[in-house]
Amino acid sequence: MQVLCLSLLCLYSILLRFTVFPYKPMFLSPGGLSAFASYVAEDFYMADAIVKAHWRVSLCDLPALQNPGHLSLTLFAKRMARWIRLRFVIATITTLLEPFSECILLGCVFALSANIIWHVSFALTFAIHIVFWMTADFILLHQIGGLAVDLTRFPGFLVPWLCREMMAFPVWMYAISDRHITWGGHRYKLLFNGHGLHVD
């Protein structure tokens, strides 16, 4: 959902970090791909170069399939924290505002605002917000996968969705409290110029 919103706002350099399929001649100019070798998040800087060169950018409707290997909540949280730390040094203001794009915090702000302005029940407004957001994510997941909406899949969707949404803010808080990441068996301190300082 956030990726689609970013594409609507034309924040392509952030959007393109997820999967970039650039036109090859774009990187045959002096420096080529080696110009991005010193960056920790080279895909972001490749996307940024594409945008600065005024090349046309399109969002593909085919999802990029990933093979995360072993799955656990701890590994998922560490992976999300690593991505947040990368985004923090690349797009600091956007990352600081990121929690307000998450379901639960945004729902609290919305429900509190509705309560103050219109004297509507906080709990009712928050519950309606959660149901609408969850439904939108459920439908979007099916659409991205090219599947018809199947309500029998909802029980298997509910628990992981709730876990992810409840973890979002604590993981964000944990992530921005440090600028170290582990990548490829090595530990790096992320610098605000996009480079990583090898610390072990």
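*Asks:* Outline the environment of Asn193, listing residues and values.
*Replies:* When you line up the elements, Asn193 lands in the loop between β2 (186-190) and β3 (196-198). Separated by 154 residues in sequence, Asn193 and Tyr39 have C-alpha atoms that sit 8.5 Å apart. Filtering out sequence-adjacent residues up to four positions away, Asn193 remains in contact with Tyr39 and Tyr45. Side-chain polar atoms of Asn193 contact the backbone nitrogen of His195, separated by 3.0 Å.

*Asks:* Tell me about the sheet that holds β3, and name the residues and values.
*Replies:* Reading across the sheet, the three strands line up as β1-β2-β3 and stay open at both edges, with antiparallel pairing between neighbours. Unpaired on one side and paired on the other, β1 (180-183) and β3 mark the two borders of the sheet. Each strand axis lies, on average, 40° off the axis of its neighbour in the sheet, ignoring direction. Note: β1 against β2, four bridges, orientation antiparallel. Note that in β2 the partner of His180 across the bridge is Lys189. Helix-sheet contacts for helix α4 (residues 73-90) involve β1 and β2, and the interaxial angle to β1 is about 125°.

*Asks:* Can you explain a nonpolar patch on the surface? Please cite residues and give values.
*Replies:* Taken together, the side chains of Leu112, Ile116, Ile117, Trp118, Val120 and Phe122 make up a nonpolar region of the molecular surface, amounting to roughly 610 Å² of accessible area. Looking at the secondary structure, you find Ile117 in helix α6 (residues 103-118).

*Asks:* Residues and numbers for the state of the cysteines, please.
*Replies:* Between two cysteines, a covalent bond joining their sulfur atoms is known as a disulfide. The tally for this structure, following the rule as stated, stands at zero disulfides. Of all cysteine sulfurs, the one in Cys108 lies closest to Cys103, which takes part in no disulfide; the gap is 9.2 Å. Given the relative accessible area of 0%, Cys103 is considered buried.

*Asks:* Go over the packing of α4 against helix α8 (residues 154-176), please, and point to the residues and values.
*Replies:* Between α4 and α8, the least distance of the axes is 9 Å, while the angle of their chain directions is 50°. The angle between α4 and α8 places the two elements in the oblique class. Between α4 and α8 lies a crossing whose hand is right-handed. Together, Leu73, Phe76, Ala77, Met80, Ala81, Ile84, Arg85 and Phe88 of α4 and Cys163, Arg164, Met167, Val171, Trp172, Tyr174, Ala175 and Ile176 of α8 make up the contact between the two elements. Here the contact of α4 with α8 is composed, by residue class, of 14 nonpolar, no polar and two charged.

*Asks:* How would you explain the packing of helix α7 (residues 122-144) against α8 if you had to name every residue and give the values?
*Replies:* The relative placement of two packed helices comes down to the angle between their axes together with the axis-to-axis distance. Interaxial distance between α7 and α8 falls to 11 Å at its minimum, and their mutual angle equals 120°. In this structure, the crossing between α7 and α8 has a hand that is right-handed. Of the residues in α8, those in contact with Ile130, Trp133, Met134, Asp137, Phe138 and Leu141 of α7 are Phe154, Phe157, Leu158, Trp161 and Glu165. Here the contact of α7 with α8 is built from residues that sort into nine nonpolar, no polar and two charged.

*Asks:* Describe in detail the pattern of salt bridges, supporting the description with residues and values.
*Replies:* Applying the stated criterion across every chain, the model contains four salt bridges. The salt bridge involving Arg87 is made with Glu98; its shortest N-O contact spans 2.6 Å. Highlighted residues: Arg87 in helix α4 and Glu98 in the loop between α5 (92-97) and α6, separated in sequence by eleven residues. According to the relative accessible area criterion, Arg87 is buried, its value standing at 14%. Classification of Glu98 by relative accessible area gives buried; the value is 14%. Salt-bridge contacts for Arg164 lead to Glu102; the nearest nitrogen and oxygen are separated by 2.6 Å. Within this pair, whereas Arg164 is found in helix α8, its partner Glu102 is found in the loop between α5 and α6, the two being separated by 62 residues in sequence.

Each value, and the rule that gives it
- Numbering of residues starts from 1 in each chain and follows the order in which that chain's sequence is written.
- Only residues with pLDDT of at least 70 are given local features in this predicted model, and only at 80 or more are side-chain atom pairs given and counted; all residues enter the totals for whole chains, interfaces and linings.
- To obtain the side-chain values, all non-hydrogen atoms of the structure were used and water was disregarded.
- Think of it this way: any DSSP run of H or I at least four residues long counts as a helix, any run of E at least two long counts as a strand, and we number them from the N terminus.
- By definition in these notes, contact holds between two residues if any of their heavy atoms fall within 4.5 Å.
- Any pair of N or O atoms that falls within 3.5 Å is considered a polar contact. Within protein, one atom must be able to donate a hydrogen and the other to accept it, and sequence-neighbouring residues count only if both atoms are side-chain atoms.
- When DSSP locates at least two bridges between a pair of strands, those strands are taken to pair.
- Axis geometry follows a simple rule: fit a line to the C-alpha atoms, using only the stretch in contact for helices, then measure angles between N-to-C directions, giving values from 0 to 180 degrees.
- A patch consists of residues exposed above 30% relative accessible area that lack any salt bridge, with like charges linked at up to 9 Å and nonpolar side chains (Val, Leu, Ile, Met, Phe, Trp, Tyr) linked at up to 5 Å.
- Areas reported as accessible are Shrake-Rupley estimates using a 1.4 Å probe. Residue values count occlusion only from the protein chains shown.
- A pairing counts as a salt bridge when a side-chain nitrogen of Lys or Arg comes within 4 Å of a carboxyl oxygen of Asp or Glu.
- Here, two cysteine sulfur atoms that lie within 2.5 Å of each other are counted as a disulfide.
- Only protein chains enter the accessibility calculation, which uses a 1.4 Å probe; a residue whose area is less than 20% of its type maximum is buried, one above 50% is exposed, and one in between is partly exposed.
- Oblique is the label for every angle not falling under 35 degrees (roughly parallel), over 145 degrees (roughly antiparallel), or within 65 to 115 degrees (roughly perpendicular).
- Crossings are sorted by hand: turned counterclockwise from the far helix by less than a right angle, the near helix makes the crossing left-handed, and turned clockwise it makes it right-handed.
- Gly falls in the polar group here, along with every residue not listed as nonpolar (Ala, Val, Leu, Ile, Met, Phe, Trp, Tyr, Cys, Pro) or charged (Asp, Glu, Lys, Arg).

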